[in-house]
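Chain by chain, the residues run as shown.
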Amino acid sequence: DIQLTQSPSFLSASVGDRVTITCRASQGISRYLAWYQQKPGKAPKLLIYVASTLQIGVPSRFSGSGSGTEFTLTINSLQPEDFAIYLCQQLKTYPLTFGGGTKVEIK
Amino acid sequence: EVQLVESGGGLVQPGRSLRLSCEASGFIFDDYGMHWVRQTPEKGLEWVSGISSNSGNIVYADSVKGRFTISRDNAKNSLYLQMNSLRDEDTALYYCAKDAVLQQQLVPDAFDFWGQGTMVTVSS
């Protein structure tokens, strides 16, 4: 199975900060990576797919990059509603797998 | 508006069975693959199973293979997960999720819509 390792697992940031989250795959997955945002008690919400394509309706302060084994999610100018858990998912090979998540909290 | 509504969760003893349902609306159900994903605080998100739009392709996680069966009824816009021989470690919140890609295969780019989840607790 392809393992996804996210770092950091936790970060504390302020409104307006730029935040970068990394997702590393245990083997190459081309660009078959998606990013999700999850808030307490809610289902994950798709932010980005195929590594860098922004889902319709997602603010442009979110961006993704990477290919192969290393990927990043960047949030420019963090907003109050962005404090949440962020998860990556690989869709290159079954079983599809998720990263352990990065919790973004208010400093 | 796309909606996915799961039901059928509950408390069940180890070794027993449970059938989850997911009723879909707001999109052409038989154009998209569908998946079940579960979540626990300890293990996080775990993909469980997927089924293509015409049921021609079905895949399972090793942890549920041989015990769980995914199916769909396109006439009823519904997805199902028959769970047999349940174990303590199957305790989780179960989500159904929609493939973002309109296709007959099961090669998703992402899951663009998720239900609210239904809780399954396996305990004696």
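Okay, so let's go over this structure.

What counts, and at which threshold
Residues numbered from 1 in each chain as written. Chains lettered and ligands numbered in written order. Predicted model: local features only at pLDDT ≥ 70, side-chain atom pairs only at ≥ 80, totals over all residues. Heavy atoms only, no water. Helix = DSSP H or I, 4+ residues; strand = E, 2+ residues; numbered from the N terminus. Buried < 20%, exposed > 50% of the residue type's maximum accessible area, 1.4 Å probe, protein only. Contact = heavy atoms within 4.5 Å. Pairing = 2+ DSSP bridges. Axes fitted to C-alpha atoms, helices over the stretch in contact; angles between N-to-C directions. Buried area = accessible area lost by both parts, 1.4 Å probe. Salt bridge = Lys/Arg side-chain N within 4 Å of Asp/Glu carboxyl O.

**Digging into the side chain of Thr74 of chain A**
Residues and elements named next belong to chain A.
At step 1: Along the chain, the position of Thr74 falls in strand S8 (residues 70-75).
At step 2: Among the residues examined, Thr74 registers a relative accessible area of 8% and is labelled buried.
At step 3: When neighbours within four sequence positions are excluded, Thr74 is seen to be in contact with Arg18, Val19, Thr20, Arg61, Phe62 and Ser63.

**A short note on the sheet that holds strand S3 (residues 19-25) of chain A**
All names here are of chain A.
At step 1: Strand order in this open sheet of four strands is S1-S3-S8-S7, and the pairing throughout is antiparallel. Looking along the sheet, the strands with just one partner apiece sit at the ends: strand S1 (4-7) and strand S7 (62-67). Looking at each pair of strands side by side, their axes are set apart by 15° on average, direction ignored.
At step 2: Pairing between S3 and S8: six bridges, direction antiparallel. For Thr20, the partnering residue across the bridge sits in S8 and is Thr74.

**Some thoughts on the pairing of S1 of chain A**
All names here are of chain A.
At step 1: Burial of S1 is one-sided: the residues Leu4 and Gln6 facing one way are buried, the residues Thr5 and Ser7 facing the other way are not.
At step 2: Of the pairings in the sheet, the one linking S1 to S3 comprises four bridges and is antiparallel in character. Each bridged residue has a counterpart across the sheet, and for Thr5 the counterpart in S3 is Arg24.

**A short note on the interface of chain A and chain B**
At step 1: Taken together, the 17 residues of chain A in the interface contact 16 residues of chain B.
At step 2: Summing both partners gives a buried area of about 1500 Å² for chain A against chain B, and 66% of it is carried by carbon and sulfur.
At step 3: Counting the contacts that link chain A with chain B gives zero salt bridges.
At step 4: Listing elements by their share of the side of chain A that touches chain B, those giving two or more residues are strand S4 (33-38), strand S5 (45-49) and strand S9 (85-90) of chain A.

**Regarding the pattern of salt bridges**
At step 1: Taken as a whole and judged by the stated rule, the model has nine salt bridges over all chains.
At step 2: Note that Glu70 of chain A and Arg24 of chain A form a salt bridge whose closest N and O atoms lie 3.1 Å from each other. Taken together, the residues Glu70 of chain A in strand S8 and Arg24 of chain A in strand S3 connect sequence positions 46 residues apart.
At step 3: Of the residues examined, Glu70 of chain A reaches a relative accessible area of 37% and is grouped as partly exposed.
At step 4: Asp90 of chain B serves as the salt-bridge partner of Arg67 of chain B, at 2.7 Å between the closest nitrogen and oxygen. Of this pair, Arg67 of chain B sits in the loop between strand S6 (58-60) and strand S7 (68-73) while Asp90 of chain B sits in the loop between strand S8 (78-83) and strand S9 (92-102), and the two are 23 residues apart along the sequence.
At step 5: Judged by its relative accessible area of 7%, Arg67 of chain B is buried.
At step 6: The network of salt bridges with shared partners includes Arg38, Glu46, Arg67 and Asp90 of chain B.

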